[in-house]
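Coordinate analysis (summary)
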Amino acid sequence: MLTPSMTRKANPMILNIAIILVAQLVGEVLARLLALPIPGPVIGMALLLAGFMASPKLAERILPTSQGILAHLSLLFVPAGVGVISHVEVLGTSGLALMAALVGSTLLALIAGALTFVALARLTGSQEVKE
Amino acid sequence: MSDLPDIWSYLREGPLLWLTATLVAYLIGDALFRASARNPLVNPVLVAMVILGAVLWATATPYATYFEGAQFVHFMLGPATVALAGPLYSNLHHVRRTLLPMAGALIVGSVTAVASALWIAQALGVEAATMASLAPKSTTAPVAIGIAEQLGGLPTLTAALVIITGIIGAVVVTPLMNALRITDWRARGFSVGVAAHGIGTARAFQVNETAGAFAGIGMGLNALLTALIAPYVLGLFQ
């Protein structure tokens, strides 16, 4: 929550973005330093989550900014997506076979994953909390 | 005063035009998506891709020139991944109670995604180098590219297969889950995060916040698991 005393301090939006970028930066450094197979931003996410759990105040101030970034997550995939269109020829002669593999495997993975989740949730009595 | 061709040749070389075009194309995609009563087939990423692909083709603009401007949007993928900590934290009370279903769905979903893709591709006669590019297609792009390089695949082909997989997942997940009568947002979100990474996760956030949070967890965990299992599963098909 914004209180009058906070608004006189540094711009909260810029500070929040800086905190997110620092988490990513530390993640990138750790990934390379320790030669981890995990991408830097995923480590940054884990670090920020640990920070939130250690300090609910930090979570409270960053949550609006993270929601703002995630609200249009789809937009961020557009540049790479355009790359696909301009590289259609790399799909080459096996294009149809690859499409069949992608469609088939995505359907199978969704069905298998969701059914496993539901079955194990029922088995362990883990119910969804509707809000 | 410059004439129009001069202004055009100035603009098409700089980042401003292509950054603006990326945002406008996405806004058109998003507007069509809303106008279609959120029909999953009218995926905003897909619409924007087609519009921008057509504009680049019509103006004979190389992808590298386009990316000079679009890279500012592309860059935000990293901070957005970090920002997933937000919905994860908000849904932590759900996550704690869901460890076993998540672990099971992760392993089953991840192995199914890699093995069934390779099985279908092999049955249809796809060659070995392409199989290596295909194996990591359900993971988020930067991880998938790293895995493909380790396996001897082509990174650009992997990037294309990753994006197409994400769009397929985003398009089919809602009708598929409805057909299976799965109403649990956790299961719907988690499975699409595992099968269709960030684009599936973005789709889940459009539908439901809990689904989005679980999709984010599924995407992150699957990036780790696929890096571990892809070499072994690929070995079974060679």
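About the cut-offs
Residues numbered from 1 in each chain as written. Chains lettered and ligands numbered in written order. Predicted model: local features only at pLDDT ≥ 70, side-chain atom pairs only at ≥ 80, totals over all residues. Helix = DSSP H or I, 4+ residues; strand = E, 2+ residues; numbered from the N terminus. Buried ≥ 20, exposed ≤ 12 C-beta atoms within 10 Å, placed from the backbone. Contact = placed C-beta atoms within 7 Å. Nonpolar A, V, L, I, M, F, W, Y, C, P; charged D, E, K, R; others polar. Core = buried A, V, L, I, M, F, W, Y, C linked by C-beta atoms within 7 Å. Domains from an automatic or database assignment. Expected span 1.5 Å × (residues − 1). Axes fitted to C-alpha atoms, helices over the stretch in contact; angles between N-to-C directions. Parallel < 35°, antiparallel > 145°, perpendicular 65-115°, else oblique. Left-handed = near helix turned anticlockwise from the far one by under 90°. pLDDT = per-residue confidence, 0-100.

Secondary structure summary: chain A contains six helices and zero strands in total. In sequence order, the secondary structure elements of chain A are arranged as α-α-α-α-α-α. Each of the 131 residues in chain A was classed as buried or not, and the buried ones make up 38%. Looking at chain A alone, contacts between residues at least 24 apart form 30% of all its contacts between residues at least 6 apart.

With 94 residues of chain B at the contact, the number on the chain A side is 65 residues. For the side of chain B that touches chain A, a count of residues per class yields 64 nonpolar, 25 polar and five charged.

Core analysis: the largest hydrophobic core is formed by 111 residues, its most contacted members being V78 of chain A together with A121 of chain B. Apart from the residues lying within four places of it in its own chain, the contact partners of A121 of chain B are A97, L98 and A101 of chain A together with V126, M131 and L134 of chain B.

All right, on to the domain arrangement of chain B then. Residues and elements named next belong to chain B. For chain B, the domain assignment lists domain 1 (4-75) and domain 2 (82-236). Measuring from the centre of the C-alpha atoms in domain 1 to the corresponding centre in domain 2 gives 26 Å. Between domain 1 and domain 2, the residue contacts involve five residues of the former and six residues of the latter. For the side of domain 1 that touches domain 2, the per-class residue count stands at four nonpolar, one polar and no charged.

With 25 residues, helix α8 (residues 99-123) of chain B extends 36 Å from end C-alpha to end C-alpha; this agrees with the ideal 36 Å at 1.5 Å per step. Trailing α8 of chain B by a residue or two, G125 of chain B shows a phi angle of about 80 degrees, which is positive.

Our next topic: unusual backbone geometry. All names here are of chain B. Here A60, not a glycine, exhibits a phi torsion of approximately 50 degrees, which is positive. Within the fold, A60 resides in the loop between α3 (44-58) and α4 (63-75). For A60, a count of 8 C-beta atoms within 10 Å corresponds to the exposed category.

Our focus in this paragraph is the packing of helix α11 (residues 155-179) of chain B against helix α12 (residues 185-207) of chain B. Residues and elements named next belong to chain B. Their axes nearest at 8 Å, the elements α11 and α12 cross at an angle of 75 degrees. As the angle between them shows, α11 and α12 are arranged roughly perpendicular. Of the residues in α12, those touching α11 at V162, T165, G166, I167, I168, G169, A170, V173, T174 and M177 are R188, V192, A195, A196, H197, G198, I199, G200, R203 and V207.

In this section: the packing of α8 of chain B against helix α13 (residues 209-236) of chain B. All names here are of chain B. Look at α8 against α13: their axes get within 9 Å of each other, and the N-to-C directions meet at 45 degrees. When the axis of α8 is compared with that of α13, the two are oblique. Note on packing geometry: the crossing formed by α8 with α13 is right-handed. Contacts between α8 and α13 pair M102, L106, S110, V111, V114, A115 and L118 from the former with I217, G218, L221, N222, L225, T226, I229, A230, V233 and L234 from the latter.

The subject of this paragraph is the confidence of the model for chain A. Low pLDDT marks regions whose predicted coordinates should not be analysed in detail. The predicted model of chain A averages 85 in pLDDT, with 84% of residues at 70 or higher. Of all secondary-structure elements in chain A, the lowest mean pLDDT belongs to helix α1 (residues 4-7) of chain A, at 52, while helix α6 (residues 95-123) of chain A reaches the highest, 95.

Residue and element names in this part refer to chain B. Here chain B averages 89 in pLDDT, while 100% of its residues score no lower than 70. By mean pLDDT, the top-scoring element of chain B is α8 (96), and the lowest-scoring one is helix α7 (residues 92-96) (79). Interface predicted TM-score (ipTM) for the complex: 0.84; the corresponding pTM is 0.81.

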